[in-house]
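# Results of the structural survey
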Amino acid sequence: MPKMTIAEALRQGIREEMQRDKCVFCLGEDIGVPGGFGGAFTVTLGLSDEFGHERILDTPISEIGIAGVAIGAAMAGMRPIADVQYGDFLFCMMDQLANQAAKMTYMSAGTVKVPMVMRAPVGATGRGSQHAQSLEAFFTHIPGLKVLAPSTAYDAKGLLKSAVRDDNPVLIFEHKLLYGSKGGRAEKGALSPVGFVPEEEYLVPIGKGIVRREGKDVTIVGKLLTVYRALEAADQLAQIGIEAEVIDPRTLIPLDKELIYESVRKTGRLVLVEEDNLTNGWAAELAALAVDECFYWLDAPVKRVSAPDTPVPFAPPMEKFYVPSVQRIIEVVKSIF
Amino acid sequence: MPKMTIAEALRQGIREEMQRDKCVFCLGEDIGVPGGFGGAFTVTLGLSDEFGHERILDTPISEIGIAGVAIGAAMAGMRPIADVQYGDFLFCMMDQLANQAAKMTYMSAGTVKVPMVMRAPVGATGRGSQHAQSLEAFFTHIPGLKVLAPSTAYDAKGLLKSAVRDDNPVLIFEHKLLYGSKGGRAEKGALSPVGFVPEEEYLVPIGKGIVRREGKDVTIVGKLLTVYRALEAADQLAQIGIEAEVIDPRTLIPLDKELIYESVRKTGRLVLVEEDNLTNGWAAELAALAVDECFYWLDAPVKRVSAPDTPVPFAPPMEKFYVPSVQRIIEVVKSIF
Amino acid sequence: MAEPIEVLGNGKMLSMYRTMFMIRRFEDRVNELYMQGQIPSTLHLYVGQEAVAVGVCANLDKDDYITSTHRPHGHAIAKGVSIKSIMAELYGKKTGCCQGKGGSMHVGDIQVGMFPAIAIVGANIPITAGAALACKFIHPGKVAVSFFGDGASNEGAFHEGLNMAAIWNLPAVFVCENNLYAASTPFTTTFKIKDVSERAAAYGMLGEIVDGNDVIAVYNAAKKATERARAGQGPTLLECKTYRQCGHSRSDPRGYRTKEEEAEWIKRDPILLLAERLLSEGNETSEDIKRIEDQVNVDIEGAIVFAKESPDTEPSDTLQHVYYG
Amino acid sequence: MAEPIEVLGNGKMLSMYRTMFMIRRFEDRVNELYMQGQIPSTLHLYVGQEAVAVGVCANLDKDDYITSTHRPHGHAIAKGVSIKSIMAELYGKKTGCCQGKGGSMHVGDIQVGMFPAIAIVGANIPITAGAALACKFIHPGKVAVSFFGDGASNEGAFHEGLNMAAIWNLPAVFVCENNLYAASTPFTTTFKIKDVSERAAAYGMLGEIVDGNDVIAVYNAAKKATERARAGQGPTLLECKTYRQCGHSRSDPRGYRTKEEEAEWIKRDPILLLAERLLSEGNETSEDIKRIEDQVNVDIEGAIVFAKESPDTEPSDTLQHVYYG
Ligand SMILES: Cc1ncc(C[n+]2csc(CCOP(=O)(O)OP(=O)(O)O)c2C)c(N)n1
Ligand SMILES: Cc1ncc(C[n+]2csc(CCOP(=O)(O)OP(=O)(O)O)c2C)c(N)n1
Ligand SMILES: [Mg+2]
Ligand SMILES: [Mg+2]
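Residues numbered from 1 in each chain as written. Chains lettered and ligands numbered in written order. Predicted model: local features only at pLDDT ≥ 70, side-chain atom pairs only at ≥ 80, totals over all residues. Heavy atoms only, no water.

In terms of regular secondary structure, chain A is built from 12 helices and 14 strands. Relative to its length of 337 residues, chain A is compact, with a C-alpha radius of gyration of 19 Å against a globular reference of 20 Å. When each of the 337 residues of chain A is scored for burial, the buried share is 76%. For chain A, the share of sequence-separated contacts (at least 6 apart) that also reach a separation of at least 24 residues comes to 81%. Looking at chain A as shown, the accessible area adds up to about 8800 Å², and 52% of this sits on carbon and sulfur atoms. Chain A carries 35 positive and 43 negative side-chain charges, and their two centres are separated by 2 Å. (Helix = DSSP H or I, 4+ residues; strand = E, 2+ residues; numbered from the N terminus. Rg over C-alpha atoms; globule rule 2.2 N^0.38 Å. Buried < 20%, exposed > 50% of the residue type's maximum accessible area, 1.4 Å probe, protein only. Contact = heavy atoms within 4.5 Å. Areas by Shrake-Rupley, 256 points an atom, 1.4 Å probe, with all protein chains shown as cover. Lys, Arg positive; Asp, Glu negative; His and termini not counted. Charge placed at Lys NZ, Arg CZ, Asp CG, Glu CD.)

What follows concerns the domain arrangement of chain A. Residue and element names in this part refer to chain A. Once the domains are mapped, chain A shows domain 1 (3-196) and domain 2 (210-335). On a C-alpha basis, the centres of domain 1 and domain 2 stand 26 Å from each other. Residue-level contacts link 30 residues of domain 1 with 22 residues of domain 2. When domain 1 packs against domain 2, the two sides together hide about 2200 Å² of surface, and 60% of this comes from carbon and sulfur. Seen at the junction of domain 1 and domain 2, the total is 3 salt bridges. Ionic pairing is found between Arg250 and Asp155, a salt bridge with its closest N-O pair at 2.9 Å. Among the elements of the structure, α6 (136-139), β6 (146-148), α7 (153-165) and β7 (170-175) are those that each provide at least two residues to the side of domain 1 that touches domain 2. Tallied by class, the residues present in the side of domain 1 that touches domain 2 amount to 15 nonpolar, 10 polar and 5 charged. (Domains from an automatic or database assignment. Buried area = accessible area lost by both parts, 1.4 Å probe. Salt bridge = Lys/Arg side-chain N within 4 Å of Asp/Glu carboxyl O. Nonpolar A, V, L, I, M, F, W, Y, C, P; charged D, E, K, R; others polar.)

Attention now goes to the packing of helix α2 (residues 10-35) of chain C against helix α3 (residues 50-57) of chain C. All names here are of chain C. At a minimum axis separation of 9 Å, α2 and α3 run at an interaxial angle of 140°. The orientation of α2 relative to α3 falls into the category oblique. Of the two possible hands of crossing, α2 and α3 adopt the one that is right-handed. Across from Met16, Thr19, Met20, Ile23 and Arg24 in α2, the residues of α3 making contact are Glu50, Ala51, Val54 and Gly55. Residues of the contact of α2 with α3, tallied by class, amount to 5 nonpolar, 2 polar and 2 charged. (Axes fitted to C-alpha atoms, helices over the stretch in contact; angles between N-to-C directions. Parallel < 35°, antiparallel > 145°, perpendicular 65-115°, else oblique. Left-handed = near helix turned anticlockwise from the far one by under 90°.)

Before going further, it helps to spend a moment on helix α7 (residues 153-165) of chain B. Spanning 13 residues, α7 of chain B covers 19 Å between terminal C-alpha atoms, matching the ideal 18 Å at 1.5 Å per step. The buried count for α7 of chain B comes to 11 of 13 residues, which makes it a mostly enclosed element. (Expected span 1.5 Å × (residues − 1).)

Before going further, it helps to spend a moment on the pairing of strand β2 (residues 144-149) of chain C. All names here are of chain C. Most of β2 sits inside the fold, with 5 of its 6 residues counted as buried. Of the pairings in the sheet, the one linking β2 to strand β3 (residues 172-178) comprises 6 bridges and is parallel in character. Of the residues in β3, the one forming a bridge with Val145 is Val173. As for the winding sense of the linkage, the β-α-β connection from β2 through helix α7 (residues 156-167) to β3 is right-handed. (Pairing = 2+ DSSP bridges. Right-handed = clockwise from strand over helix to strand, strands pointing away.)

Here we take up the confidence of the model for chain C. This prediction gives chain C a mean pLDDT of 96; 98% of its residues lie at or above 70. In the predicted complex, the global pTM is 0.98; the interface-specific ipTM is 0.98. (pLDDT = per-residue confidence, 0-100.)

Shown next as structure tokens:
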């Protein structure tokens, strides 16, 4: 089985789905230009040679248009895979995603479907406030959308393929430091996990989380980059006798709640780690679920290790402070023992 | 002291601020057209006669432009009061609010200010999915913005005046069923609270909540319309011996956390009521704060009485089901005793 | 611009007359029922603009697509959505075209190629480009048509959608119904140009203007535009000059315009104009026309009865259809 | 288009030369330092477009406003932001013009009328209209100028912002730097029109095209546009045809364009062109020019030293400046 980066796994997933179904196509900025980048993080690199420029469609810088075209094409029978170069630009197409894509099926009483995928890179990478945000929490609050957050190459390909086949609008959030993009598009300080990815067909079901590390003392839930931070923290915590269970939900909407409840009911402690502003972040929802559904099992306050309530600063010392660190996770976990 | 509706109180507040400071002006769609509506809910009715069409500026249907113009004018020394006809349209200007207005002061290290106000009517009123949403939770998640939610005429005028004088971008969410708009613009099934509003100058400070009803058994926090639903529920609960304390935060960002903590530490029970989708709503943040800061005082699970995770349906029986009812609040409160 | 009526033939003329009259009666009755409090919510009526929807849709068949706006009843009827299901939707009944989920501003029926109407001004425009892209890919010969107002052309969505349709040479027709007002705001308040169609040039697109109250003129202009689109010759921005005879929504006293202006336009009522031509050039008799109108009235009253007698939605229906399938 | 050099006078010419050369050297050195890993993040350099920023800003003073983009170094230098504070910002130092909060894509200094640069393509355009509105209200005679690229004119924000500026006759100048590419995407891929300036007509706005590599031509065109704006005669869309000699960002191999095309444009390097005119028409000597360049090099090396020796930010600085005051 070949080893792949997340960028390669996504590319392979797109390739397989485009080969399988002629209604699948990609649209976005700079995704297929000859001699170009293959998207901001090389995910579509080379695909326009394989599939041509009609199916790897380079768009104007028009995010409303990209989303609108994807929605219209999807309602008329296609299966678009759209992308934005940075998740921050989803705000430019927010109406199309929140008011249109998410509501068409509902307003039509289930007679219209919008099978589209929107991919968005997130995470702070030294680019300042407008190329760094994590937008998951805005979209987990919009009924009608599904929201995915793959953190491994295996999940990236498997979830992308499931997303393309889903009959609903699906957002896939991808972390810039996990892509493993190469060459001129590589990211400084990237983690770039490489993993075994079957070349043959497989799907990762939407709505199933996974326990990345078993433990009996505390449950730590992370997503994307913070899954890795949590795992590193767990290893260090083990050395002082705290066995942390680390959960990667993989899908944010629909959420595998039972997996989390089970773990919390076992450990009695919950720490949530995300690279996003604290107030009204996704972690708030998990805390709210836990204090409702697991109240009688909780032995300590539910803690959130999030970014502070500030825009993302540029200078490295501040950005480092902004993103939840292994050290902060360890301290917070210790604080509830 | 005269009695006013919220629409009248807002109008009076705008009038006073425009008289006080020539840099204050209004912009929006249909706000000043002669013989027109004075905005979708009559708040600016008549003001263009008083202040002229330069200061009550009718705009094209261009939400990106409205927000962008407000931001640029604010950074260059004006104090714009912009509005959207329905809160749902804030999604059309999301980039300007989230990426621009909220970040200019930060990115400039505090050297640039954006003293603008954006008013937005929210709430379900029989208009279907795209004229009905409550968008508070999207904006409480954006550092750099302040978010207000006045539920009485007194607070509406006092908070609006504070917002106009604030040197930061302030969003004011107003509930359609609370305006008390008259004539052709009246709302079916409106609550239209009327209250005493001093004609002279007064301010309601941003960041101070208020206890609307004292009680020792359970804390209920609502906002906008659900404050009234909570109060009604509290009266009925009193008849079965449950004394509920009802809190109206009035300001969502910055939030008067201590007021809520104090109450929860006293009652040991917390129920959150909001007219918004459950998942990742504003109530999630309050639950997350409580389970962290009040954990050892909580005697029961923290409960949320929210709208279900669906778009807003059109037909009255469904819409009625969607919006949290007095009955649902009562049942949920009983369920934790 | 308008071809002699013979070219089209009386059959076509009469069927367009029938549909225009159907829309008019539908809106008039809906307005009465709304005033009586039988229909909930708010309404944006199409009175006076019937020639646009009918003249355009007479060039479309079931598997061509249209997108619409907050003012969609006329488009829906012209595209062939059953008046029973539209009426029932306005009543919020389970038998409505959106089973009560959508309401007036979101009527549609994918079975006849109409997506749920979109009440976010301008948002339907790039979506139309997307549907047109799908036509190009998988429904050759089909077109996607977007209806929107003068005000909508000030939205960023208009700009992005038209440019994409132009550069990809998509089979789309963008029908701008310029009724001189965006809600209460006069055209001249928000445009420094004379005609919306001037904006087509900004995208290298063909722009045309037609008398939106002359259904034959609209029909012919739309015929050219749809034929070009079907033949792979690209999109058109078709501006139809027309007038909303009623208020913008609900009870709108229309204080922002003069009674004289209204009178001028009502003189050029599109249904009146067509009736006159049918009598003169088409030498139909007023009996023929009366017969059509009587039948329409019967149908509409039938739709009202159907709507009233249809079952209400269940509260728990709220929870269905958030996701497809 | 370009007036004879005498009209402008050698003083002006030399100072524009100085600023253009300053930008060029600044970008070249920044690129070296970036490649050496001394400067973090990513960079969008302005090499080849210097004549636009300089020719336009030579018509502005400290209290006129400009908004910029992801490619702002040239605009900042031309508007008078100190190169020390820009350099320090790129290094992420506390002495930077944004105290390390902004970085390359957000440099600015309100003291000299430059808002933080906006890296959301097109988003600065309606904001410029807003600043122009404020000029009209409270800063009579002042103008607001927006710099943006060809790609930005496909954003909805462009459409809405230009229309508002036009209908309100605002003192704004919209400077489109058409460098033929949006990142890797050639102009012709996303435009069916020949020139961005054609879009001005869609708003009833004046549109002009100028050779963006001829600083005198840019200066004169911007002079007319800013004078019109200051005199209350409304906004202009000024398209400057130019070329980005460097890559789009960081290490961009520029495989999407030919070396021949690059060579053609480099032949018309704006700094070279001005130098030639100074020597011929301006009859300056190469010594005069050399003297200017030497001084600039000294200043820039000084800025680099300043940046390197400046203190880093503290982690806890992150928490400041979320709100004003
Ligand atoms: C994005 C957005 N902004 C504002 C509104 C409120 N609104 C509804 S209809 C309307 C006027 C639309 O004018 P026009 O496009 O000319 O269509 P018409 O009503 O004349 O048919 C407005 C402002 C909306 N629905 N969507
Ligand atoms: C809204 C938005 N979409 C996409 C991007 C990513 N992006 C940054 S620069 C760029 C190209 C801009 O092209 P142009 O406007 O011509 O300016 P140039 O880079 O040529 O100076 C793109 C697509 C962005 N920053 N903002
Ligand atoms: Mg109109
Ligand atoms: Mg460019």
